[in-house]
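Structure at a glance
The residues making up each chain are set out below.
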Amino acid sequence: MSLSNDFVINRYEFNSNLFNEFQNLHSVKDLWPIVYVLSDDKKLNGGKIKDAYVGETTDAFARMSNHLKNDEKNKLTSVHIITSETFNKSATLDIESNLIKYMHGDGQYNLLNGNLGLANHNYYQKPEYWNIFKSIWDKLRSEGIAKHDISFINNSDLFKYSPYKSLTPEQKLGLLGIINGLLNNDYKNFIVEGGAGTGKTILAIFLFKLLNTNNEDFNFKEFGDDEAEFYQKIKKLKDKFKSPNMALVVPMSSFRKTLQKVFKTIKGLKATMVIGPSELAKGKYDIVLVDESHRLRRRVNLTNYKSFDDTCIKLGLDKNNCNELDWVLMQSENAILFYDENQSIKPTDVQKVDFDILKEKSNTQIQYLKSQFRVKGGNAYVKFIDDLLNVKANGRFSSKDYEFILFDSIEDLIKEIKLRNDESGLSRLVAGYSWEWISSKDKKLFDIKIENTSLQWNKEPIDWINSDNSIDEVGCIHTTQGYDLNYTGVIFGNEIIYDKDKDEIVILKENYFDSSGKNTIRDPEILKEYIINIYKTIMLRGIKGTYVYVCDKNLREYFAKHISNYKIEKSISYIPASKVIPFINSIPLYNLKAAAGAFSEVQDVNDFEWIELPPQYKPSKELFACTVIGESMNRVIPNGSICLFRKYAGGSRNGMIVLAEHTKFQESEFGSRYTVKEYHSKKEVKEESWKHHKITFKPLSYLELDNIELSNDEASTLNIIGVFECVLS
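Procedures and definitions
- Along each chain, residue indices are assigned from 1 in the same order as the chain's sequence is written.
- Local features in a predicted model are, by the rule used here, given only for residues with pLDDT of at least 70; side-chain atom pairs are given and counted only at 80 or more, and totals for whole chains, interfaces and linings are based on all residues.
- Only hydrogens and water are set aside; all other atoms, that is, all heavy atoms of the structure, feed into the side-chain values.
- Helical segments are the DSSP runs of H or I of at least four residues, strand segments are the runs of E of at least two, and each set is numbered from the N terminus.
- A 1.4 Å probe rolled over the protein chains alone gives each residue an accessible area, and that area as a share of the maximum for its type sets the label: buried under 20%, exposed over 50%, partly exposed in between.
- In what follows, residue pairs with any heavy atoms lying within 4.5 Å of each other are defined as contacts.
- Calculation of accessible area relied on Shrake-Rupley with a 1.4 Å probe; when residues are assessed, cover is drawn exclusively from the protein chains displayed.
- Pairs were defined over the aromatic rings of Phe, Tyr and Trp, the Trp ring being its six-membered one, requiring ring centres within 6.5 Å. Orientation was assigned from the angle between planes: stacked under 30 degrees, edge-to-face over 60, tilted for the rest.
- Any two strands between which DSSP finds at least two bridges are classified as paired.
- Between the N-to-C directions of two axes lies an angle of 0 to 180 degrees, each axis being a line fitted to C-alpha atoms and, for a helix, fitted only over the stretch in contact.
- On a range of 0 to 100, pLDDT expresses the predictor's confidence in each residue.
- Any helix carries an expected span of 1.5 Å times its number of residues minus one.
- Think of a nonpolar core as a cluster: buried Ala, Val, Leu, Ile, Met, Phe, Trp, Tyr and Cys residues, connected wherever their side-chain atoms sit within 4.5 Å.
- One speaks of a salt bridge when a side-chain nitrogen belonging to Lys or Arg is within 4 Å of a carboxyl oxygen belonging to Asp or Glu.

What follows covers the overall build of the protein. Per the secondary structure count, the protein includes 22 helices and 31 strands. Looking at the 729 residues of the protein, the share that counts as buried comes to 58%. Considering only contacts in the protein between residues 6 or more positions apart, those separated by 24 or more positions represent 74%. Surface exposure of the protein reaches about 31,500 Å², of which carbon and sulfur atoms provide 47%.

Moving on: the packing of aromatic side chains. Per the counting criterion, the structure on display carries 39 aromatic pairs. When the centroid spacing of 5.0 Å and the interplanar angle of 40 degrees are considered together, the rings of Phe308 and Trp327 count as tilted. Taken together, the positions of Phe308 in helix α12 (residues 305-315) and Trp327 in helix α13 (residues 324-331) put the pair 19 residues apart, joining distant regions of the chain. Neither residue differs from the other here; Phe308 and Trp327 are each classed as buried. Relative to Trp610, the ring of Phe583 lies with its centre 5.4 Å away and its plane at 85 degrees, an arrangement referred to as edge-to-face. One end of the pair, Phe583, is in the loop between β22 (573-574) and β23 (587-595); the other, Trp610, is in strand β24 (residues 608-612), and 27 residues separate them in sequence. One aromatic cluster is present, formed by Phe583, Tyr590, Phe608, Trp610, Phe624, Phe645 and Phe724 through successive ring pairs.

Once that is clear, we can look at the sheet that holds strand β2 (residues 34-39). Strand order in the open sheet formed by five strands is β1-β4-β2-β3-β5, with mixed pairing between adjacent strands. If you trace the sheet from one side to the other, it starts and ends with β1 (8-13) and β5 (109-111), each paired once. Strand-to-strand twist of the sheet, defined as the mean angle between neighbouring strand axes without regard to direction, takes the value 25 degrees. Bridge analysis of β2 against strand β4 (residues 78-83) gives five bridges, and the strand direction is antiparallel. Across the sheet, the residue bridging to Ser39 is Ser78, located in β4.

Should the pLDDT be low somewhere, the predicted coordinates at that spot are not to be read in detail. In this model, the protein carries a mean pLDDT of 87, and residues with pLDDT of at least 70 account for 90%. Below a pLDDT of 50 lies the segment residues 665-671, which in the model reaches nine contacts outside its immediate sequence neighbourhood of four places, other chains included.

Glancing now at helix α8 (residues 169-183). With 15 residues, α8 should cover 21 Å at 1.5 Å per step; its first-to-last C-alpha distance of 21 Å lies within 8% of that length. Listed in full, the buried residues belonging to α8 are Gln171, Gly174, Leu175, Leu176, Gly177, Ile178, Ile179, Gly181 and Leu182.

Let us now look at the environment of Glu170. Its location among the elements puts Glu170 in helix α8. Along the backbone, Glu170 and Ser371 are 201 residues apart, and their C-alpha atoms lie at a distance of 7.7 Å. In contact with Glu170, other than residues within four places in its own chain, are Tyr368, Leu369, Lys370, Ser371 and Phe373.

This brings us to the environment of Ala271. One can find Ala271 in the loop between α11 (253-264) and β8 (274-275). Owing to a relative accessible area of 26%, Ala271 belongs among the partly exposed residues under this scheme. Sequence-wise, Ala271 and Gln260 are eleven residues apart; in three dimensions their C-alpha atoms are separated by 4.4 Å.

Strand order in the open sheet formed by six strands is β16-β13-β17-β20-β12-β21, and the pairing between neighbours is parallel. For this open sheet the edge positions go to β16 (474-475) and β21 (564-565), each flanked by a neighbour on one side alone. Pairing between strand β13 (residues 427-431) and strand β17 (residues 485-492): five bridges, direction parallel. Opposite Arg428, over in β17, you have Thr488 as the bridge partner. Seen against the sheet, helix α19 (residues 524-538) touches β13 and β17 and runs at an angle of roughly 150 degrees to β17. Contacts between helix α20 (residues 553-560) and the sheet are confined to β12 (403-407), β17 and β20 (542-550), with β20 contributing the most and set at about 135 degrees to the helix.

Another point: the nonpolar core. Inside soluble globular proteins, nonpolar side chains tend to come together where they are buried. With 106 residues, the main nonpolar core has Leu289, Ile336, Phe404, Phe492 and Phe559 as its most contacted residues. Excluding its chain neighbours within four sequence positions, the residues that come into contact with Phe492 are Leu389, Tyr535, Met539, Val548, Tyr549, Val550, Cys551, Leu555 and Phe559. Core analysis: the next-biggest nonpolar cluster, separate from the first, contains 29 residues, Val37, Ile82, Tyr109 and Ile153 among them.

This part takes up unusual backbone geometry. The phi dihedral of Asn301 falls on the positive side, at around 55 degrees, and the residue is not glycine. As for its placement among the helices and strands, Asn301 is situated in the loop between β9 (285-290) and α12. Positive phi outside glycine occurs at Thr520, with the angle close to 75 degrees. Along the chain, Thr520 falls in the loop between α18 (515-518) and α19. By relative accessible area, which is 46% here, Thr520 ends up partly exposed.

The next thing to look at is the environment of Lys240. Looking at the secondary structure, you find Lys240 in helix α10 (residues 227-240). Look at Lys240 and you get partly exposed, because its relative accessible area is 36%. For Lys240 and Leu183, which are 57 residues apart along the polypeptide, the C-alpha to C-alpha distance reads 7.7 Å. Apart from the residues lying within four places of it in its own chain, the contact partners of Lys240 are Leu182, Leu183, Asn184 and Asn185.

Here we take up the pattern of salt bridges. Under the definition given, this model contains 27 salt bridges. Note that Asp138 and Arg141 form a salt bridge whose closest N and O atoms lie 3.9 Å from each other. Remark: Arg141 and Asp138 occur in helix α5 (residues 126-142); sequence separation between them is three residues, near one turn of the helix. Because the salt bridges share partners, they merge into one network encompassing Glu193, Lys352, Asp356 and Lys359.

And the structure:
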């Protein structure tokens with residue numbers, strides 16, 4: 001059963017006449033669960049970003065009456081009521097939660113919602129309701145309430161660093177611990193320890209928003225039996241910190257700029273609340289949160305000693321006996337430090353011993369985050385990377401949820417990263433600092449030369465990941481730490497090698513060109529620790545996968561014992577009939593040749609063979625493979641590729657690469673025509689019905705090719721067979 005189009009959205013003026021309109025809406029009269037969006041229509045006429053509010057209820061009369069009495073919400077001008085015969089309470093809570101998350105990520109409105117209690121639970125047919133949400137989102141785009149598609153939002157900084165997140169049990173526990181500590185006058189400092197990808201930044205932003213939101217805007221539905229106790233703690237915290245003077249300190253300038261953009265879009269927050277360490281000298285704060293606190297600096301190998309010294313003078317501190325951690329502690333009544341000792345990457349960083357001293361103080365509370373939320377390889381992948389870089393790895397890493405692949409050719413690595421970027425976005429090359437940055441002075445020069453390939457370091461120091469040419473450049477630790485990627489292509493440079501005789505990784509200081517990262521270091525083991533931390537950190541950037549190329553032959557051979565090889569991963573294994581267990585150890589490869597061009601010649605698809613999937617994929621009755629012929633999708637799918645598809649099960653297809661069947665020119669019993677393209681649809685909506693105005697199939701090619709366009713009548717013989725997953729071979 002597909003629920004994707006089983007809903008109605010009605011728009012009303014948001015005023016007291018609304019209740020007369022409700023008399024004609026049986027879902028409201030009969031107290032069915034509904035979802036609604038209050039918004040300011042003036043936003044649609046241009047100008048600055050206006051406000052909106054998302055909610056769900058079974059009593060729309062009472063809820064709208066309350067909203068009309070609210071000083072902020074009664075300024076909103078319209079309400080969109082979303083109803084469906086299939087809605088239940090779990091479904092509307094889930095859709096409400098997703099609307100809050102994606103409307104904030106879309107950036108078209110400042111939401112009046114609080115960020116506590118967003119739904120995140122399993123329930124019957126949840127995947128079906130995700131499909132209906134995607135269709136609701138497309139309809140809201142057509143109404144002008146939403147702008148961007150879901151895949152675009154998923155990759156945006158506004159979405160990734162939004163305070164509108166459903167906290168995990170571990171994060172809730174950490175949040176409660178911090179709240180209890182802030183209510184206890186015995187504690188002044190808080191250290192939240194967690195590795196890369198454990199959600200430290202999300203918790204920091206969540207807490208910041210929490211302390212700057214009115215109690216009435218919170219949603220406590222998701223806190224279960226203890227919600228009353230939790231509400232009381234929040235109320236006590238708000239009573240203790242009335243309009244608190246707060247700052248979020250971010251040591252790295254690039255990541256700081258990114259979070260300033262995010263804060264600018266959050267109701268109750270301002271970009272000026274995100275500051276650099278030196279800005280602490282401007283005044284005292286009730287609460288200072290420090291993200292990436294392991295990157296706070298000391299007076300060693302600085303590029304700007306004067307700025308550091310001037311801040312020390314303003315604070316009355318001895319410049320030779322203090323660091324930025326001291327500034328934080330001095331200028332805050334309460335300091336909350338998000339910390340990972342394994343992401344300290346250079347001598348400039350405040351030393352571990354200084355944090356250890358702080359931990360030992362009686363007025364310091366420590367919280368721990370252990371679960372991995374970024375990389376889909378989970379904690380097993382994190383541990384494997386640690387073991388790999390400390391020469392303790394056993395066997396190969398294998399996960400059906402994560403691509404971890406070693407490349408013998410830099411050209412293949414670049415090609416695959418560009419393909420992943422075309423498919424998923426946010427896929428970048430990142431390298432160790434093993435080449436001088438000569439292009440900073442002459443943009444015509446290439447910095448990195450490997451095999452027959454020449455590359456340049458990042459041209460943009462700030463927000464490089466989102467810059468226009470980043471896919472053709474190579475980033476470093478300084479432009480990627482703190483950020484998420486979908487796929488990371490990690491290049492191990494000439495500064496890191498493997499000594500076969502000693503069975504250990506060795507650092508060649510002369511091949512390491514980050515002067516602030518190596519000057520003043522006399523102990524080679526300390527330099528090795530920093531460089532291992534750098535590679536560990538960039539290998540934990542990729543959400544979906546990490547691709548690796550290694551310059552040193554011996555290190556590549558060591559890695560090859562523990563990481564699956566690209567050429568092996570991208571080959572197809574056919575399974576003999578006697579060993580086939582359908583959809584357990586294999587999926588069907590159909591004899592279908594889909595055209596990456598116009599629709600193919602007529603084909604009758606009956607024959608197939610069984611093939612084995614690479615270990616990162618799990619066989620399923622929903623998966624199948626076929627060959628794609630032609631050049632019209634060559635930015636993503638090379639001509640002749642065997643591709644993996646997932647059977648289409650309903651929901652929005654806009655922006656997806658699909659396998660489409662068309663029987664326009666042939667009787668269906670004699671065969672069909674097939675194509676693979678990116679799907680786009682424009683719909684005509686009349687009252688409670690809709691139809692396709694036009695369906696467009698777009699090529700994704702380095703060639704200049706025309707779209708395929710179908711009218712509504714032609715679309716009647718169109719069938720979407722599957723949605724593209726990846727190239728197998």
